[in-house]
Structure formats: structure tokens, C-alpha cells
Amino acid sequence: MGRYLIGRVLQTVLSMLVVISIVFFLTRLSGNPVNLLLDVNATQRDHEILMHHLGLDQPLPVQYAIYVKNILVGDFGTSVLTRRPVTEHIWERLPATAELGFVAMFLSVLIGVPLGMYSAVRRGGMLDSGARVFAVLGQSMPPFWLGLMLILFFGVVLGVLPAGGRGGPLHLILPALTLGYFTSAAILRLTRSAMLEVLGSDYIKFARLKGLHEQVVLWKHGLKNALLPVVTFAVMLFVQFLGGAVVTETVFAWPGLGRLILESITTRDYPIVQAGVLVLSALYLTGNLFVDMLYSYLNPKIRHARA
Amino acid sequence: MRRPLRIGALIVTASLLVVTSEAATPPEGTLTVAVATFGNERWLPHLYPGAEDVVLKPWGENLLSRDPRTGELSPMLAERWKVADGGRTWTFYLRKGVRFHNGTELTAEDVKFTFTQIAREGSASSLAPEFRLIKNMEVEDPHTITVRFDKPSVVFGNKVNQGLFASMAFIHSKRYIESVKEEGAERHPIATGPFRFVEHVRGDRIVYEAVENHWRATPHFKRLVFLKVPEPSTRMAMLRAGSADVIEIGGEYVDELKKVGVRTITMPNVSWVYIILGGQWPTKPTYDPKVPWAQPDAEKARKVRLALNLAVDKQAIMQRMLGGLGTALGSWLSYPADAWNTEALKKPYPYDPAKAKALLAEVGYPNGFETTMNLTAWPGRGYLPDVGEAVATYWEKIGLRVKRRPVDRAVFSADFRARSYSGVALAYGAPLVAPEPWEVMYRAGYTRAALCLFMEHPRFDEFIDRLSIQPSHQERVRIMRDEMGPWLYDHVPGVAIGAAHAIVGVGPKVGEWPLIPGHMGFHNWEYVTRAR
């Protein structure tokens with residue numbers, strides 16, 4: 001197990017190095033930030049001075065070497081635009097993103113798991129049909145459209161929830177619903193299919209024969225075993241929420257990490273894009289590692305195979 | 001100078017009355033404003049190019065302002081001023097007792113410091129070229145500063161003017177910036193405006209608080225919050241739901257806003273929309289003689305440009321792309337009410353595709369030619385790619401083969417600087433950054449300026465040379481009306497579309513809002529009243 005873990009950690013570090021290298025070179029292909037920082041009437045001299053000040057006049061390999069060296073000592077650089085440390089910007093936005101991600105995930109699991117379970121138990125019934133419609137709608141409605149509809153209905157027509165921005169708990173409801181609906185539908189489908197498989201197994205039949213209460217059979221013996229793929233999926237989804245909620249963040253004017261990265265791409269703020277992607281890839285790879293470990297913990301077969 | 005002084009005295013008196021009346025009703029409540037962009041989100045004089053006008057104007061103040069009806073300069077931080085030596089010397093007499101947000105008094109040293117910062121090497125300020133023409137500055141006493149130029153700078157007052165878009169020579173505190181350093185001043189910036197800085201979360205919000213008993217105008221709202229909401233549908237929903245009180249919105253949404261009963265305020269003639277035809281710079285290394293509209297045969301080139309104008313239905317573009325919010329015009333960088341505009345100049349080039357096709361055939365392009373239309377969005381002018389697309393479609397009707405090139409502003413800014421867009425067209429909306437068209441074109445078409453944006457011509461240089469040293473406003477009006485205007489109309493530098501308005505959506509909290517005609521972007525926040 002120890003060797004396996006060390007191997008996975010090394011893999012993770014290597015993957016991150018590849019990611020930051022790709023991002024470093026790709027961002028530099030997208031245009032020069034100095035052209036946005038200066039007015040179009042600026043002289044060539046102004047241009048040169050700013051390029052020098054930002055270290056962009058150095059050859060690309062030199063810039064890359066400086067960048068990697070700084071990262072190794074925990075220095076992510078300063079924003080081209082604000083000249084403030086990049087870490088400050090990331091920390092400023094991370095709470096909003098985490099807050100939205102947690103609530104959306106919580107809603108997804110709260111809706112998706114019980115609905116998926118009972119949909120499997122009452123296969124072919126009204127509840128199952130309703131749940132399947134819910135799942136199809138959730139996976140086919142674009143979050144952009146859903147977000148706007150929710151804003152119009154709850155914010156404009158009913159006037160009970162704020163239409164955008166970050167504030168108190170009420171501000172969280174609509175973006176979390178938008179983000180969570182898609183994933184709750186996916187979790188529902190996954191739970192349903194896993195439960196269908198589990199419900200047909202011998203140990204469930206045996207548990208029923210033993211005379212256990214149906215709820216105990218379903219929750220303790222059924223769901224616990226069906227949750228393995230769901231947990232894996234949910235962890236990876238949560239990590240995706242942290243960086244991939246750009247659409248939801250844009251529609252709801254939510255000041256999260258995804259929007260920060262998107263805006264930094266448009267303003268060519270390389271250090272923020274690089275650090276943002278680094279944070280997200282670190283989260284993603286760590287999430288992956290965590291899932292692998294969880295898998296081997298939950299499923300003895302995997303543990304033994306790796307051993 | 002007597003008349004401006006009299007007007008100045010009137011404005012001072014009016015300002016005092018406003019201050020007195022405001023003292024009775026202290027600021028209350030929050031005004032939340034949703035805008036598409038904050039610009040570069042910088043706070044120091046050499047770091048903001050100009051697009052930040054909307055979010056910085058509540059906080060900063062210029063030396064002067066202007067009467068929007070007459071265009072005359074009026075006092076602001078400077079209570080009076082004197083122009084001598086044919087425009088080579090400007091002396092500003094500062095108002096006493098004006099305080100920065102940290103309580104220190106504004107002095108002439110602060111003015112000198114700010115102007116030096118704007119002009120410094122590497123400055124991002126759009127005013128840098130003009131401020132670099134300053135020969136020296138002399139602080140005569142704590143409240144008097146004299147600015148000297150080698151050549152006359154007859155419109156320097158327009159560069160230090162609160163009443164114009166992107167004129168952002170806001171006076172900064174020398175002592176404060178030197179004590180907290182640039183980094184500290186960027187984190188907690190101070191100026192002298194009616195709103196003081198509270199918080200800035202990049203890409204999300206800027207929060208201001210009213211300065212009570214401000215020397216000029218105590219705001220009606222206690223807090224002013226700018227939210228960056230890039231999605232227009234969200235801005236509209238926020239306004240309707242009461243999450244925002246003012247929203248920035250494009251003309252294409254005007255019908256929708258009216259349909260749902262949202263109150264709108266029109267800001268008339270805020271930008272001048274035209275199609276830049278790149279490559280009209282015969283003396284520069286990137287000149288390409290094969291570009292039809294810039295070919296060495298000047299008359300043939302002019303006819304090509306005229307044909308490209310005749311091919312386009314400007315009225316239809318105004319109606320469909322800008323929601324009817326604008327006026328199709330033929331005169332260059334002029335607005336319908338300008339004193340240098342005549343009925344003949346205002347008339348748009350007619351829509352006559354048959355004549356356009358015939359003209360092209362006459363100058364050797366019976367089957368049209370290939371060209372590129374860049375589709376680039378500019379802050380606050382999101383309609384420009386649509387205008388470019390519409391013009392490209394009109395051109396195709398007369399036989400041109402137009403390649404569309406969606407290109408980011410950052411990429412195209414580099415093309416601008418390098419003049420590497422010969423043969424490329426681009427829809428552009430010039431904001432009214434200076435009241436007289438030659439001032440705008442000084443930056444866009446004057447060979448001896450720092451950079452030329454889209455054209456050059458010795459005749460045009462002559463106009464600029466004469467206008468830039470002409471101290472008489474009346475004579476400048478005459479030159480623009482009787483000489484430069486007709487010449488530009490005949491020369492056809494690009495495809496003229498016309499003057500575009502902008503609209504603002506406002507919620508029920510907003511009462512009166514006196515806007516300056518021709519000023520692009522939101523402004524005058526301190527005068528926005530609370531609805532009763």
C-alpha cells in the first residue's frame with residue numbers, strides 16, 4: 001500500500017508539472033498583456049518599458065525557468081494587471097467557489113441518492129418514471145438557460161430570491177440549484193443503476209430472508225454497496241465544480257475562481273491563469289488520488305489485487 | 001476669459017447651494033450598479049488607460065469641468081485659470097480647503113506630481129502623449145501652478161476635464177503615495193471625489209462611501225456599489241428583481257426593457273461609429289500599394305472608399321444593430337448639435353449599391369476584391385462585431401469577398417500599434433474623449449502624433465497644425481465647419497455610420513440623474529437623487 005501511494009503521489013507531481021508547462025506556453029500564444037495594459041496611443045518605448053518591468057522581454061525558456069524555480073519556493077508571482085500577489089487573488093476567490101461547490105454538491109447528493117435508490121426499488125412505477133424525467137431534464141437543460149429561468153422565476157416573478165451576486169445564504173440558493181441540478185440528475189442515474197444491480201444480488205435476498213426490515217435492507221445493505229461508484233463520481237464532480245462552474249458563476253455574477261481564470265484569460269494575466277490552473281489541477285489530481293485510496297479502502301478486492 | 005469666469009462664478013454659487021441643501025439631507029441607502037466591465041481596475045494616474053472612467057469618476061476629480069451646452073470650460077478643483085502666450089502657458093488657481101479622503105489638503109504639489117506620473121515613461125494613460133508635451137511646471141504657491149508648453153496647447157483644458165469620457169487626470173495625493181508607496185495606494189486609493197474608496201474585489205465589486213459635506217456635492221446615496229456582471233441578461237434580471245438599481249445595457253435590449261416596463265435613460269451621442277479602412281499610411285513601412293482603398297492613385301482609392309460607403313445602408317444598421325438609438329451621419333467624428341456641423345455635412349452618404357458597383361467597375365474592380373473584416377468587441381460597445389458583420393454582408397452584395405476574422409482586442413491592439421492591418425477593415429466606435437473632432441483625430445490621423453490609428457494625409461496634417469495653435473474657439477469652429485469638415489467628407493477616410501446613443505436601465509430607487517450629453521459611460525453619481 002505504501003509503495004502504491006508513493007507511486008501515485010509521484011505520478012500526481014509529474015502530471016502537475018506537465019499541466020503547468022502546457023499552460024505556461026499556451027497562455028503566451030494567446031497574445032501579449034501589454035497591449036491591453038497600454039492605451040493604443042502608447043509609444044514603442046512605453047511598450048518596451050512595460051515588457052521589461054513584467055519580465056516579458058526575456059526569452060521564453062528563461063521565463064519558464066524563472067517561473068518553475070519560483071513555484072518550487074511557493075512564489076506564484078504577481079498579477080500583471082493589479083501587481084498584487086497571485087495567491088491573494090486566488091484566496092480571495094476560493095471561499096466563494098468552495099461555498100458554491102459544497103452547497104451544490106450537498107443538494108446533488110441530497111436529491112440524487114434517495115431518488116435514485118427509490119427509483120430502483122420502485123422500478124417501472126410512477127416514482128421511477130418521474131425520477132427518469134427529472135434526470136433527463138437535468139442532463140439536457142444547459143445550465144446557462146436553467147440559471148436564467150430560475151432567476152426570472154424566483155428573482156423577478158416571485159421576487160423571493162436575489163437575482164445575482166454574492167451576499168447572504170439566500171444568494172447561494174439559485175446558483176447552487178443550477179449547478180446541482182445537472183449533477184443530481186447524473187447521481188440519480190448512477191445510483192439507480194448501481195442499486196438495480198445490488199438489489200438483484202444474493203446477499204440482499206438473504207437479508208430479506210433473514211426478515212430484516214426493508215429500510216435496513218435498502219439503506220444498510222443495498223445503498224452502502226451501491227454507493228462505491230457514486231462516491232467516486234461525486235468527488236470528481238466536486239473538484240470539477242471548483243473550476244468548471246464558470247457558466248454558473250457568469251450567469252449569477254458569482255465571484256468565484258472559474259470567473260477569475262476566465263477574466264484573466266481575456267486580459268492575458270498569465271500569472272493568475274497559471275496559478276489558477278495549477279490550483280485546479282492540484283485539486284483534481286488530489287481528488288483522483290483520494291478516490292483511488294477510497295476505492296481500495298472500500299473495496300477489499302482492489303486492495304488485495306494492488307497488494 | 002470674462003465669460004468663463006462669470007459662468008464659473010455661477011457654477012460655484014450653484015455648487016455651494018447644492019452643498020448647503022444636501023447638508024440638510026444626509027446620504028442614505030445603497031445604490032447598486034451592474035456594469036459589464038471595470039476596465040483594467042487600476043488606481044494610480046499612470047496605470048489607468050481610460051476605460052475605467054465609469055468606476056473611477058465617483059472617486060476622483062479633475063482641475064476643470066465643462067458646460068455641456070456651450071462646451072466652455074468651468075471650474076472644479078481649480079477655481080479659476082489663466083491661458084497666456086497663445087496657449088503656451090496655463091496657470092491654475094486651486095480651490096482652498098479641498099481635502100483628500102485622508103483629510104490632507106490638496107496643493108499645487110499634488111497637481112505637479114499627478115501630471116508627472118501621467119507623462120512618465122511606460123505610462124498606460126491615454127493622456128500621456130499630451131502631457132509629455134509639457135515643458136515644465138512651476139509651483140508658484142501652495143495653490144497656484146503654472147504649466148508651460150513649447151508649442152501652444154490651446155485645448156489643454158480638455159485634458160484635465162471631468163466632463164469628458166476618459167479624461168482622467170484625477171489629482172492624486174503626492175504625500176500619500178510617497179508614504180504608502182504605489183502598492184499601498186493601489187490597495188487603498190484616495191482622491192478628492194464625493195465618494196471615498198471602501199473595498200475592491202477584483203472582477204467582482206468596487207464599494208464606495210459618500211463623503212459627507214463634500215466641497216462640491218454631497219451624494220444622496222450613502223454607499224455606491226459597482227458589481228461586475230458580464231452577462232446582459234443577468235443585469236436585466238437583477239434590475240427587475242431589485243438586486244441592482246442601475247444597469248449598463250446595449251441598444252439591442254431597448255425594446256425588451258420597454259416591454260417589461262423598465263425605466264430607461266438615454267445618453268445621447270456618446271460614440272461615433274465608423275468602419276476603419278486600414279492601410280491609408282503611404283509613408284509608413286507597412287504600406288501596401290495593392291490595397292484598393294489605399295492605392296497610390298489617390299482618386300481611384302477615394303472612389304473605392306466612396307463605393308464602400310454607398311454600399312452600406314446606415315439607417316438600417318442604426319435601426320437593427322443599435323436598436324434605433326443613434327443618428328446616421330456623414331460628417332466625421334461630429335455630432336448633430338455641434339457648431340461645426342452643417343446640414344450638408346450631416347447628410348449620410350446615400351445607400352446606393354448600384355452606384356457603388358458601377359464605381360468599383362470604373363476604377364478596375366468589376367468583380368469586386370477580397371478583403372478582411374475584423375470583428376472585435378470594445379468595452380461598452382458590444383454591438384461593434386454585429387455592425388462589422390452587417391457591413392461585410394452589404395459589401396458582398398456589390399461583389400466583394402469578405403473574410404470575417406473574429407479577433408480579440410488584445411491581439412488587434414498590437415496590430416494597431418504596429419500598423420500591420422493594411423487591407424483590413426474594422427468597425428469602431430470612437431467615444432467623445434475630446435469635444436472638438438480634430439482633437440480626436442489628432443490621435444487617429446495626425447502623422448506627427450505618437451501613433452496614427454487609421455489614416456494619414458498631408459492636407460489633414462495642415463489642418464491639425466493650424467487648429468492646434470489657434471487660440472480662438474470661434475476661429476477653430478470656422479476652420480472645422482468650412483474647411484476641414486468638407487474636406488473630410490469629400491476625402492471619405494472610411495465608412496461613416498453615425499453617432500450612437502447609449503441607454504441605462506434604472507430601478508425604482510433612482511430619482512433624478514442629470515447626465516452630460518455626449519459623455520460615454522455612467523457619470524455624475526453624486527447628483528443621482530433618491531426617488532421619493
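1. Here's the deal with the overall build of chain A
Point 1. If you tally the helices and strands in chain A, you get 14 helices and 0 strands.
Point 2. Listing every helix and strand of chain A by position from the N terminus yields α-α-α-α-α-α-α-α-α-α-α-α-α-α.
Point 3. The dimensions of chain A, computed from C-alpha atoms along their principal axes, are 85 × 60 × 30 Å.
Point 4. Taking all 307 residues of chain A together, 41% fall into the buried category.

2. Points about the overall build of chain B
Point 1. Helix and strand counts for chain B stand at 16 helices and 17 strands.
Point 2. Its C-alpha radius of gyration of 23 Å places chain B within 12% of the 24 Å reference for a compact globule of 532 residues.
Point 3. A principal-axis box enclosing the C-alpha atoms of chain B has dimensions of 70 × 55 × 40 Å.
Point 4. Out of the 532 residues belonging to chain B, those deemed buried represent 53%.
Point 5. Within chain B, residue pairs in contact and separated by at least 24 positions form 69% of the contacts whose partners lie at least 6 positions apart.

3. As for the interface of chain B and chain A
Point 1. Listed by partner, the interface residues are 41 residues for chain B and 41 residues for chain A.
Point 2. Among the secondary structure elements, those contributing two or more residues to the side of chain B that touches chain A are helix H4 (128–131), helix H5 (174–187), helix H6 (232–241) and helix H13 (409–418) of chain B.
Point 3. At 7 residues, the largest contribution of residues to the side of chain B that touches chain A is made by H13 of chain B.
Point 4. Grouping the amino acids of the side of chain B that touches chain A by side-chain chemistry returns 18 nonpolar, 11 polar and 12 charged.

4. With respect to helix H9 (residues 202–209) of chain A
Point 1. Summarising burial for H9 of chain A: 0 of the 8 residues are buried, a small minority.
Point 2. In the stretch just after H9 of chain A, Gly211 of chain A is the one whose phi turns positive, near 90°.

5. Focus on the pairing of strand E11 (residues 246–249) of chain B
All names here are of chain B.
Point 1. Of the two faces of E11, the one carrying Val246 and Glu248 and the one carrying Ile247 and Ile249 are both buried.
Point 2. Direction of pairing for strand E1 (residues 30–35) relative to E11: parallel, over a ladder of 2 bridges. Opposite Ala34, over in E11, you have Ile247 as the bridge partner.
Point 3. Note: E11 against strand E17 (residues 495–506), 4 bridges, orientation antiparallel.

6. A few points about the nonpolar core
Point 1. Val33, Ala307, Val387 and Val391 of chain B are the most contacted members of the largest nonpolar core, which has 226 residues in total.
Point 2. Ranked by the residues each element gives to this core, the list is headed by helix H8 (residues 169–199) of chain A, at 15 residues.
Point 3. Residues within four places of Ala307 of chain B in sequence aside, it is in contact with Ala356, Leu359, Leu360 and Ile398 of chain B.

7. Things to note about the domain arrangement of chain B
Residues and elements named next belong to chain B.
Point 1. According to the domain assignment, chain B contains domain 1 (2–245 + 507–527) and domain 2 (268–501).
Point 2. Between the C-alpha centres of domain 1 and domain 2 there is a distance of 31 Å.
Point 3. On the side of domain 2, 20 residues touch domain 1, which itself brings 21 residues to the contact.
Point 4. Looking at the side of domain 1 that touches domain 2 residue by residue, the class counts come to 10 nonpolar, 10 polar and 1 charged.

8. Describing the sheet that holds strand E6 (residues 134–141) of chain B
Residues and elements named next belong to chain B.
Point 1. Taken in spatial order, the 4 strands line up as E4-E5-E7-E6 in an open sheet, and their pairing is antiparallel. Taken across any chain shown, the strands that pair with only one partner, and hence form the sheet edges, are strand E4 (78–84) and E6. Strand-to-strand twist in this sheet, taken as the mean axis angle between neighbours without regard to direction, amounts to 15°.
Point 2. Here 5 bridges tie strand E5 (residues 89–94) to strand E7 (residues 144–149), and the two strands are oriented antiparallel to one another.

9. Remarks on the environment of Leu150 of chain A
Residue and element names in this part refer to chain A.
Point 1. Here Leu150 is to be found in helix H7 (residues 143–157).
Point 2. The spatial distance from the C-alpha of Leu150 to the C-alpha of Met293 is 38 Å, given a sequence separation of 143 residues.
Point 3. Leu150 has contacts with Leu174, Leu177 and Thr178, leaving out every residue within four places of it along the chain.

10. Quick look at helix H4 (residues 60–72) of chain A
Point 1. Across its 13 residues, H4 of chain A extends 18 Å between first and last C-alpha, which sits within 8% of the 18 Å expected from 1.5 Å per residue.
Point 2. Phi turns positive one or two residues past the end of H4 of chain A, at Gly74 of chain A, with a value near 80°.

11. Some thoughts on the packing of helix H6 (residues 126–140) of chain A against H8 of chain A
Residues and elements named next belong to chain A.
Point 1. Direction vectors running N to C along H6 and H8 enclose 135°, while the axes themselves pass 8 Å from each other. Between H6 and H8, the interaxial angle falls into the category oblique. Relative to H8, H6 is oriented so that their crossing is left-handed. Counting all contacts with H6, which are made through Ala131, Phe134, Ala135, Gly138 and Gln139, the residues of H8 involved are Tyr181, Phe182, Ser184, Ala185, Ala186, Leu188 and Arg189.
Point 2. Taken together, the residues of the contact of H6 with H8 sort by class into 8 nonpolar, 3 polar and 1 charged.

12. A word on the confidence of the model for chain B
All names here are of chain B.
Point 1. Mean pLDDT over chain B works out to 87, with 93% of the residues at or above the 70 mark.
Point 2. Across chain B, the secondary-structure element scoring lowest on mean pLDDT is helix H1 (residues 2–24), at 45, and the one scoring highest is E5, at 98.
Point 3. This model gives residues 1–23 a pLDDT under 50, and the stretch forms 24 contacts once residues within four places in sequence are excluded.
Point 4. Reported for the predicted complex are a pTM of 0.81 and an ipTM of 0.74.

13. Some remarks on the environment of Thr342 of chain B
All names here are of chain B.
Point 1. Relative to the helices and strands, Thr342 resides in the loop between strand E13 (326–328) and helix H10 (343–346).
Point 2. Judged by local crowding, Thr342 falls into the partly exposed class, with 16 C-beta atoms found within 10 Å.
Point 3. Separated by 140 residues in sequence, Thr342 and Asp482 have C-alpha atoms that sit 9.0 Å apart.

14. Quick notes on unusual backbone geometry
Point 1. In this structure, Asp85 of chain B takes a positive phi of about 55° despite not being glycine.
Point 2. Tracing the backbone through its elements, the reader meets Asp85 of chain B in the loop between E4 and E5.

15. Points about the environment of Ala34 of chain B
All names here are of chain B.
Point 1. Positionally, Ala34 belongs in strand E1.
Point 2. C-alpha separation for the pair Ala34 and Gly251, spaced 217 residues apart in sequence, amounts to 16 Å.
Point 3. Those residues in contact with Ala34 that sit more than four places away from it in its chain are Leu227, Val229, Arg235, Met238, Ala244, Ile247 and Glu248.

16. Remarks on the pairing of strand E8 (residues 195–201) of chain B
Residue and element names in this part refer to chain B.
Point 1. Note: E8 against strand E9 (residues 205–210), 6 bridges, orientation antiparallel. Bridge assignment links His200 to a residue of E9, and that residue is Ile206.
Point 2. If you look at the hairpin formed by E8 and E9, you'll find 3 residues sitting between the two strands, and Gly203 has a positive phi there, around 75°.

17. Some words on the packing of helix H15 (residues 458–467) of chain B against helix H16 (residues 473–491) of chain B
Residues and elements named next belong to chain B.
Point 1. The interhelical angle for the contact between H15 and H16, taken along N-to-C directions, is 175°, at an axis separation of 11 Å. If you check the angle between H15 and H16, you find them roughly antiparallel. Across from Arg459, Phe463, Arg466 and Leu467 in H15, the residues of H16 making contact are Arg476, Ile479, Glu483, Met484 and Trp487.

Calculation criteria
Residues numbered from 1 in each chain as written. Chains lettered and ligands numbered in written order. Predicted model: local features only at pLDDT ≥ 70, side-chain atom pairs only at ≥ 80, totals over all residues. Helix = DSSP H or I, 4+ residues; strand = E, 2+ residues; numbered from the N terminus. Buried ≥ 20, exposed ≤ 12 C-beta atoms within 10 Å, placed from the backbone. Rg over C-alpha atoms; globule rule 2.2 N^0.38 Å. Contact = placed C-beta atoms within 7 Å. Nonpolar A, V, L, I, M, F, W, Y, C, P; charged D, E, K, R; others polar. Pairing = 2+ DSSP bridges. Core = buried A, V, L, I, M, F, W, Y, C linked by C-beta atoms within 7 Å. Domains from an automatic or database assignment. Axes fitted to C-alpha atoms, helices over the stretch in contact; angles between N-to-C directions. Expected span 1.5 Å × (residues − 1). Parallel < 35°, antiparallel > 145°, perpendicular 65-115°, else oblique. Left-handed = near helix turned anticlockwise from the far one by under 90°. pLDDT = per-residue confidence, 0-100.

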